[in-house]
Amino acid sequence: MGIRFVLMVNKQGQTRLAQYYEYLTLDERRALEGEIVRKCLARNEQQCSFVEHRNYKIVYRRYASLFFLVGVDDDENELAILEFIHLLVETMDRHFGNVCELDIMFHLEKAHFMLEEMVMNGCIVETSKSNILTPIQLMDKTS
Amino acid sequence: MAGSSIMENLFQRTLEDLIKGMRLQLIGESTFISKATEEIRREIKSTDHHTKSTALLKLCYLSAVHGVDMSWACFHVVEVMSSSRFAQKRIGYHAASQSFHDDTPVLLLITNQLRKDLSSANHFEVSLALECLSRIATPDLARDLTPELFNLLSTARVFVRKKAIAVVLRLFDKYPDAVRVCFKRLVENLESSDPQVVTAVIGVFCELAAKDPRSYLPLAPEFYRILVDSKNNWILIKVLKVFAKLAPLEPRLGKRIVEPVCEHMRRSGAKSLVFECVRTVLTSLSGYESAVKLAVEKVRELVDDQDPNLRYLALHVLSVAVPEHLWAVLENKEAVIKSLSDEDSNIKIESLRLLMAMVSESHLADISRVLLNYALKSDPEFCNEILGSILTTCGRNVYEIVDDFDWYVSLLGEMATIPNCQKGEEIETQLVDIGMRVRDARMQLVQVGRDLLIDPALLGNVHLHRILCAAAWVAGEYVEVASNPFELMDALLQPRTSLLPPSIRAVYINAAFKILIFCLDCYLLQNEGSKYEQDAGFNPRNTTESFDDLSAENGIERVATHDQTITPTFVEKKNFMHESIVNLLNRIELIFGPLIANQDVDVLERAQNMLSLVLLIKGENDNSFQDVDKKDTRVSAIIKLMRDAFTMELGPVSTSAQGRVAVPDGLVLKENLGDLHAICGDIELPSSSSFSTAGPHLTATSDASSSNPLINEESGALNESTSLIEHRKRHGLYYLPSEKSEIVTDEYPPANDPKSNSNINDEASELVKLTEQSLLLKKRTNQTKPRPVVVKLDDGDVAPISVQRPEPRGDSLSGAIKDVLLGSETGPSMSQSNPYDKSSRKQKEKKKLGTNVQSEMKENVVDAEKPDSENPNSSGKNHGHTRERRHRGKEKIVEGEEHDQRGKKKSGHRHSRRKTHQRAKSPLNVVSQTPEIPDFLL
C-alpha cells in the first residue's frame, strides 16, 4: 500500500478530513493524528516537508491555514506525493473556486469523493483534474 | 406513522445545520456532540429513507472529524446502502467504507448487495461498490465477488476498469486464489493504451512486486516497454520502482534498463522523476559506473539547492550509496558538513548519519572532537543523537575503528560530563566492555572512573547514574592499576552516594569491598617484606606526603606494570600506613553502620558483609598491630583468600557459552513449551527479552536456535527471529552492533535550537578542513603506539542475531502468481533457483516436441509456430528491445528442459499430457502470444 492515509488539519490542529486506507480503531486514529499534528505543525517554512514517523513517512504541505498530511510507505517517492497534494488542492480549487477550510468543512463528502477518485486502496489511480471532477459534477447534477 | 415521518423529515437538522451549530459552540463542544449523537440515534431508526440517510451522513461526519463511535450503526448502514436512490446509496457506501472492518458482524449481509451493484449498468454504482470493496474486502467477500471483478477487469468502461484494477490488489491479498482467475486479465491491462488504466495497473504491480519481486520477472518486457514509451511521470516513477526491485534479481535486466533510466535522468525536467531515477540507480544499478556518476552529479545539484526538501532527499539518497560508493559521499562532504548546522533537524540527522559513515580510523579522533563540540552547543535531542552515533560508530564490530583506547576512554568520560547527555546506558556498557576486553586501557579507564566518581556534582544527575555504576565497577575490579586506592575509596564512600538508586549503591559497596581487600592485602604483603626494617612504615606523618608523590611515581611505573595483575605498584613503592588502614576501617564502620537498616536487600547484604569483615579485621588487628612479629596468620589467610577470589579475571562471555553447558543427567528438557500456554495463557510472554543481555557487561544474548534446546522448533524459529529483531529495534542500545548499524531513531528534536547557531560556521569550516586532511592521508602517519589487543572470542561473541530479512509475506499469494506465470508443474523450487525463468517460445516448443511423440495432431500446431520461434525478429515490435536478452535466456532453459525431457519420455503418455496442460498454463500465453493460443485458463 503506497498511501496509508490522507489528513487535512487546520492551524489549531483540528482534523478537517481524515481518510485511512488501512483499518485503525478510533483510538488509534486519534493517537496517530495527535502525534503527527504535534510533529508537523511545530515545523517552519524553512524546514523540509518530510517527517519520519514510526515506520513510515509523512509528507506534508501547508496551504494558508490548512495542512495536508499524507502518510506513505518508506519507499514512496516523496516529491511525487508533494505533487499529489498539490494536485488535490488544485482540483478542489477548481471545483469550489478558491477553496478554503470552510468549503472542506461544509462539503466534506465531496472532498472525500475527489480523494476517492484519485486514490484507490492506497494507489494513485487518477491524475487528471477533469477526469476527477467529471463524475462529481455529474452526481451533483442528478441529485 | 406517515405523518410522524413527515414531521421528522421537516424538523430534522441537516448536516449543514449540525456543522453551523458546532461552529457556534465555543465551549462545551463535547456536550453538543453527545446531544447530536443522541438525536442521530433517534432519527436513524426512522422508516423514512431520507431521514435515515441524513442521520447517517451526520454520524459519518461526527465520526470522521470528531472521532464519535459509529460501529453501533452498522445495520443501518447496510439498510442505507441498499437504497434505490443513488444519493442515499452513496451515503451508505461511504459510511460502510469508513466504519466497517474485518470483525464487523453485518459484513455477511452485504455480499449480495455488492454483487448487484458491481453488475449494475450504472457505472457510478459500480464505482461505489468497488470503492467500498477496496476498503473492506474480507477473504469471504473477496472469494464470493471474484467473478464479478474478473468481468470488470476487461470492461470497456475505463472509469470502472481502473478502479477494478486497484481493487484487485486487495483481492489478491485477501484471497490468493483469485490470482488464478484474474491475473491474466490484469497483465493484459499492462498493454492497454489508455494511460488511466496503465496508471492503475502499474500501481498494483508496484505494490505486488514490493512484496515478492521474483514472481514478476517474467513480466519484465512489459515493464520495459512502459519505461521506454510512457510519457507520464506518475507511471514512470512507479515502473522505476518495479525495476528497482527486479534488477537485483536478474543481472541482464540491469544492463537493459540502465540506458533508458539515464536517459530519463538527463532529459526530464520533473524533479520527482529525476530523483526516482537517482534512487533507482543508487539502490539497484550500483554496478554501472557511468550511471552512478550521472546520479551523483544530479545529487550534487540537489544537495546545494535552496529547497530544504531537495537537500533532505539528496542527503537521504546519499546514505543509500554509502556501502558501495563511499566516494559519492566524500565528494559531497562539504555540503554534508554544512548541513550539520542546518535549520532543520531532519536534515541535521541525515548529515550526521552520513558523516559517521565517512569516519575511518585515521580521523576518528578529530571528527569526534568536533562533533562533541557540536553536541555541547546543540539542543538536548540532537546532542544525544550525536553522542549516540559516535558511540555506535566507535563500538561497531568490537571497536574496530578505535586505535587508541586511552583516547577513547577519555572521550567516553568527557561525554558523561556533557550536561545534556542521556546516553548513560550505552556509555556504561562500553566502559565495562572495554575494561574486560582491552587490558591496556584499564589504567586510563580507572583514571577516568576516578574522575567521574570523585565529582560530587555528578551524583545528582539521574542520567549519569548508570555511568557512575560502570565507573564504580571498573574502579573496584581494576583497583590494582589505580594510582591511589584511598582516593577511590573516599569517592565511593562520599555522603552524596545516598542519592543513588539502591542497585547502583550496591555496586558501589561491592567496589569498596574489593578496594578494601586490596589495601589490606598490600598492607600485609608489605609488612611481610619489611618485617625487620620498620623505619618509615609506621610513621604517621608520612601518610599524606606519600600520596602526593605517589602519582608521579606511578606515572613512570605504569607502562611497566600493567601487564601484571597481581603485583601492585603500590606496595613496592609506598607504604600502606598502619594509621591509614585503621582510619579506613573506622570510616567504613561509621558509614556502613546505618546501611544495615537499609530497605534494599542488596545494599543491606553487602553492607553487612563489609561490616563483618571490618569487625573481624579490627578484632585481630588490635593484637597483630601491637606485635608485628607475631602477626596473626588467620587474618592474612582470609585476606589472601579473598584477594585471590577477586583477582580472577573477568572476560567477555561468548554468545554460545550457554550451549556448552552440559545438560545434567536426569534433567528432562521439554522440547515444546506449549504447556506454558495453559498456565499463563493470557500473559504475554516477553519471549524476546529473555534472550537479551543478562547483565550490562555480559552480552549473553544466547543464540536462540542453536544453543538453547528449548527453542529448537522449526515453526517457532521465524517468530523467534522476528521478535528478536523487534526487540533489537526497540532496545538496540543493549545489543552490541552486529554489522554496519545505522542509527535508527524515532525521535525528532523540536524545530529550532536557538543555542546551536553560534560559532557554528567556524566549526563547519574547521571540520571541512579536518576531513580534507584526514581523508587525503589514508593511513595515520603519526601512530605512536600499536593498537592494543582487544579480546574477541573465536565463535563470535558479538553478533548472535543475524538480522534476517522478513520472509516475503503471503507465500500463498506469490505461490499462486508463480503458478500462473510459470505453470504449476515447474514447481516452486525450480522457478526459484532458475534465474532464467523467462518466458520463451523455445521452451514451449521443446515441450511440444515432447508431446509430439504421442500426438500427431499437436505437431501441426508446432509446425505452425516453429518458424516464428526460430526467427525472433519476426515478432511484434514491442518486444524488440528485449529480444536479445530473452533469446539468451531461452538457450539456457533448453538445456534444463532436455534434461527434463529424458526423464519424462520414459514415463510416457500421462506425463506428456500433463505437459501439454502445463504449456497452456505457462506464461507465454500471457506475455507474448495472446491471440493464437486458446485460453485454457478459463
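The rules behind the values
- Residues numbered from 1 in each chain as written.
- Chains lettered and ligands numbered in written order.
- Predicted model: local features only at pLDDT ≥ 70, side-chain atom pairs only at ≥ 80, totals over all residues.
- UniProt positions renumbered as here; feature names shortened; annotations may be inferred.
- Core = buried A, V, L, I, M, F, W, Y, C linked by C-beta atoms within 7 Å.
- Buried ≥ 20, exposed ≤ 12 C-beta atoms within 10 Å, placed from the backbone.
- Helix = DSSP H or I, 4+ residues; strand = E, 2+ residues; numbered from the N terminus.
- Contact = placed C-beta atoms within 7 Å.
- Nonpolar A, V, L, I, M, F, W, Y, C, P; charged D, E, K, R; others polar.
- Axes fitted to C-alpha atoms, helices over the stretch in contact; angles between N-to-C directions.
- Parallel < 35°, antiparallel > 145°, perpendicular 65-115°, else oblique.
- Left-handed = near helix turned anticlockwise from the far one by under 90°.
- pLDDT = per-residue confidence, 0-100.

Chain B is annotated in an unreviewed UniProt entry as AP-3 complex subunit delta of Cajanus cajan. We quote the UniProt Subunit (unreviewed entry) comment for chain B here in full: "Adaptor protein complex 3 (AP-3) is a heterotetramer." What UniProt states about chain B under its Sequence similarities (unreviewed entry) heading is, verbatim, "Belongs to the adaptor complexes large subunit family."

Chain A has the name AP complex subunit sigma in an unreviewed UniProt entry, where Cajanus cajan is given as its organism. Listed in UniProt under the heading Subcellular location (unreviewed entry), the comment for chain A reads: "Endomembrane system". Its UniProt record, at the heading Sequence similarities (unreviewed entry), says of chain A: "Belongs to the adaptor complexes small subunit family."

(A) A look at the nonpolar core. Residue and element names in this part refer to chain B. Ranked by size, the top nonpolar core spans 259 residues in total, and within it L56, V168, V204, L468 and A472 carry the most contacts. For this core, the leading source of residues is helix α29 (residues 502–529), giving 18 residues. When neighbours within four sequence positions are excluded, L56 is seen to be in contact with I44, A73, H76, V77, V80, I91, G92 and A95.

(B) Quick peek at the interface of chain B and chain A. Each partner contributes residues to the interface: chain B has 46 residues there, and chain A has 44 residues. Looking at the side of chain B that touches chain A residue by residue, the class counts come to 22 nonpolar, 10 polar and 14 charged.

(C) The arrangement of the packing of helix α2 (residues 78–96) of chain A against helix α16 (residues 271–284) of chain B in detail. Interaxial distance between α2(A) and α16(B) falls to 8 Å at its minimum, and their mutual angle equals 160°. Of the possible angle classes, the one that applies to α2(A) and α16(B) is roughly antiparallel. The handedness of the crossing between α2(A) and α16(B) comes out as left-handed. Each of A:L79, A:A80 and A:E83 in α2(A) lies in contact with α16(B), whose residues at this interface are B:K271, B:S272 and B:F275.

(D) Representation of the confidence of the model for chain B within the structure. Residues and elements named next belong to chain B. Summarising the model, chain B shows a mean pLDDT of 73, and 65% of its residues fall at 70 or more. Low pLDDT (under 50) marks residues 685–718, which in the prediction has 64 contacts with non-local residues, meaning those over four places away or in another chain. Ignoring residues within four places in sequence, the model shows residues 799–810, a span with pLDDT below 50, making 22 contacts including any to other chains. Model confidence for the complex: the whole-complex pTM is 0.66, and ipTM, which rates the interface, is 0.94.

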